[in-house]
Amino acid sequence: MARLTHLPPLAAIAALLGACAGAPPPAGAPARPAKPAAAAPGAANDPARARAAATLPAPVPGSGAYYQDDGPAAVVPPDLDKVPDAEARVEPLSKYANRPYVVFGKRYVPMTDGAAFSQRGQGSWYGKKFHGQRTASGEIYDMYKMSAAHPTLPIPSYARVTSVASGRQVVVRINDRGPFHKGRVVDVSYTAAVKLGLLSSGSHEVSVERLLPADIARIAAGAPERGDRVVPEGADAGADAVQEAFFLQLGAFGRAGAAESLRERLVGLGVEAESVKVLRGGAVHRVLSGPYPTRAEAAEAARELPGSLALKPVVVRR
């Protein structure tokens, strides 16, 4: 048998097969039995841990919550919401896990350069069914650590995942491949799902942003994170007016009129007209407010938006 690291991402493929009963396995992906449901060592005999597990919201199966026949262990460790984020660092890329691969007829080409990356879509999580199994990186999946699977982000690398609904954010280590369902953009570990608040809802819209070496250096130094350069309209790109900033993306529309309508509503509610812009990128018209000098200030501004607008703002860098 070929070395496991040469094959397609096994844990992620197994997840897809579990969610799509009856689908034929991808070529070259041998069937692997799932390990028994796992709990933390000693948890079964620990009443305190049992009580802690009871305080977690009940996961909702289907609609992106988790894969068929998967879910949390019967008893989970306490205080998972206090587990620190993954400690981001610059690491050499895996020799085998970043090769192009094919799953169900679709070809994926993992990133191996230093390009920025961000996307938005449905997030899901995987748990006991894959706990203890080998990931695409060759490491063992631990549902109680802060990790995630992504189809094309480098392995290993680090990403910030944000819940669009709540604004909660986590930093995870990308060490596996998947998900391969249409519309889903990332599979996070069980603990990351707890911290993001993804257990109690069947629909999880998230944003995923790759952490580049400069971002990692700022985090390590404890410095406030800043975004890419923003050139104010009419300013010289080399002038002192150039600044780094974050924005709130308040909406994305296929029609320019819909974006302008939202902007007018915001201005009508007292938002400064100069701080709300409609930017076109391809066929998408995005409504942005800002700039804000730090991510924290942008997130605070998002919390102050009127609830009547029913917006789901996402902090973005421009």
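Quick look at the structure, then. Computed from a predicted model, the values in this text were never measured in an experiment.

1. Focus on the sheet that holds strand β7 (residues 184-189)
Working step 1: Judged by pairing direction, the barrel is mixed, and its six strands sit side by side in the order β3-β7-β4-β6-β5-β8 before closing back on the first. When strand polarity is set aside, the average angle formed by the axes of neighbouring strands in this sheet is 45 degrees.
Working step 2: The pairing of strand β4 (residues 147-149) with β7 spans two bridges and is classified as antiparallel. Within the sheet, the bridge partner assigned to A148 lies in β7 and is V188.

2. Some details on the pattern of salt bridges
Working step 1: On inspection of all chains with the given rule, the structure shows nine salt bridges.
Working step 2: A salt bridge links R173 to E139; its shortest N-O distance comes to 2.6 Å. Here R173, found in strand β6 (residues 169-176), pairs with E139, found in the loop between β3 (118-126) and β4; they are 34 residues apart in sequence, far enough to count as distant.
Working step 3: Of the residues examined, R173 reaches a relative accessible area of 14% and is grouped as buried.
Working step 4: Across the salt bridge formed by E300 and R303, the nearest N and O atoms sit 2.8 Å from each other.

3. Quick notes on the nonpolar core
Working step 1: Residues V172, I174, V186, V188, Y190 and V208 are the most contacted members of the largest nonpolar core, which totals 39 residues.
Working step 2: Counting only elements with at least two residues in this core, the list comes to β3, β4, β5 (157-163), β6, β7, α3 (190-196) and β8 (205-210).
Working step 3: Of the residues forming this core, the biggest block, five residues, is contributed by α3.
Working step 4: When sequence neighbours within four positions are dropped, the list of residues in contact with V172 reads A86, M146, S147, A148, S157, Y158, A159, V161 and A192.
Working step 5: Grouped together as the second largest cluster of nonpolar side chains are 13 residues, L248, Y292, L309 and V315 included.

4. As for helix α5 (residues 256-268)
Working step 1: With 13 residues, α5 extends 18 Å from end C-alpha to end C-alpha; this agrees with the ideal 18 Å at 1.5 Å per step.
Working step 2: Taken together, the buried positions of α5 are occupied by A258, A259, L262 and L266. Projected onto a plane normal to the axis of α5, the buried residues spread over an arc of 100 degrees and lie on a single side. Across α5 from its buried face, at more than 90 degrees, point the exposed residues E264 and G268.
Working step 3: Looking one or two places after α5, you find G270, whose phi comes out positive at around 105 degrees.

5. Comments concerning the side chain of S137
Working step 1: Its location among the elements puts S137 in the loop between β3 and β4.
Working step 2: Residue class for S137 comes out buried when judged on its relative accessible area of 18%.
Working step 3: At a separation of 3.2 Å, a polar atom in the side chain of S137 contacts the main-chain amide nitrogen of E139.
Working step 4: A polar contact is formed between the side chain of S137 and the backbone oxygen of N175, at a distance of 3.2 Å.

6. Things to note about unusual backbone geometry
Working step 1: Cis peptide bonds are those with omega within 30 degrees of zero, and the linkage from I155 to P156 qualifies with -5 degrees.
Working step 2: Position of P156 among the secondary structure elements: in the loop between β4 and β5.
Working step 3: For the bond from G178 to P179, the omega torsion is -5 degrees, close enough to zero to count as cis.
Working step 4: Of note, D79 is a non-glycine position whose phi angle comes to about 60 degrees, a positive value.

7. Regarding the environment of L305
Working step 1: Inspection of the secondary structure assignment puts L305 in the loop between α6 (295-303) and β14 (314-317).
Working step 2: Remark: the alpha-carbon pair of L305 and L266, spanning 39 residues in sequence, is separated by 9.5 Å.
Working step 3: Discounting residues that sit within four places of it in the chain, L305 has contacts with L248, L250, L311 and P313.

8. What about the pairing of β14?
Working step 1: Residues V314 and V316 point to one face of β14 and V315 and R317 to the other, with burial holding for every one of them.
Working step 2: Pairing analysis gives four bridges linking strand β11 (residues 246-253) to β14, with the strands arranged antiparallel. The residue of β14 that forms the bridge with F246 is R317.

9. Section: the packing of aromatic side chains
Working step 1: A complete count under the given rule lists seven aromatic pairs for this structure.
Working step 2: Both rings, one in Y101 and one in F180, keep their centres 6.1 Å apart while their planes meet at 75 degrees; by these two values the pair is edge-to-face. Placement of the pair is Y101 in strand β1 (residues 101-103) and F180 in the loop between β6 and β7, with a sequence separation of 79 residues. One exposure class covers both Y101 and F180, and it is buried.
Working step 3: Aromatic rings pair up to connect Y101, Y108 and F180 into one cluster.

Rules used in this analysis
Residues numbered from 1 in each chain as written. Predicted model: local features only at pLDDT ≥ 70, side-chain atom pairs only at ≥ 80, totals over all residues. Heavy atoms only, no water. Pairing = 2+ DSSP bridges. Helix = DSSP H or I, 4+ residues; strand = E, 2+ residues; numbered from the N terminus. Axes fitted to C-alpha atoms, helices over the stretch in contact; angles between N-to-C directions. Salt bridge = Lys/Arg side-chain N within 4 Å of Asp/Glu carboxyl O. Buried < 20%, exposed > 50% of the residue type's maximum accessible area, 1.4 Å probe, protein only. Core = buried A, V, L, I, M, F, W, Y, C linked by side-chain atoms within 4.5 Å. Contact = heavy atoms within 4.5 Å. Expected span 1.5 Å × (residues − 1). Arc of directions from axis to C-beta. Polar contact = N/O pair within 3.5 Å; in protein donor to acceptor, adjacent residues only side chain to side chain. Phe/Tyr/Trp six-rings, centres within 6.5 Å; stacked < 30°, edge-to-face > 60°.

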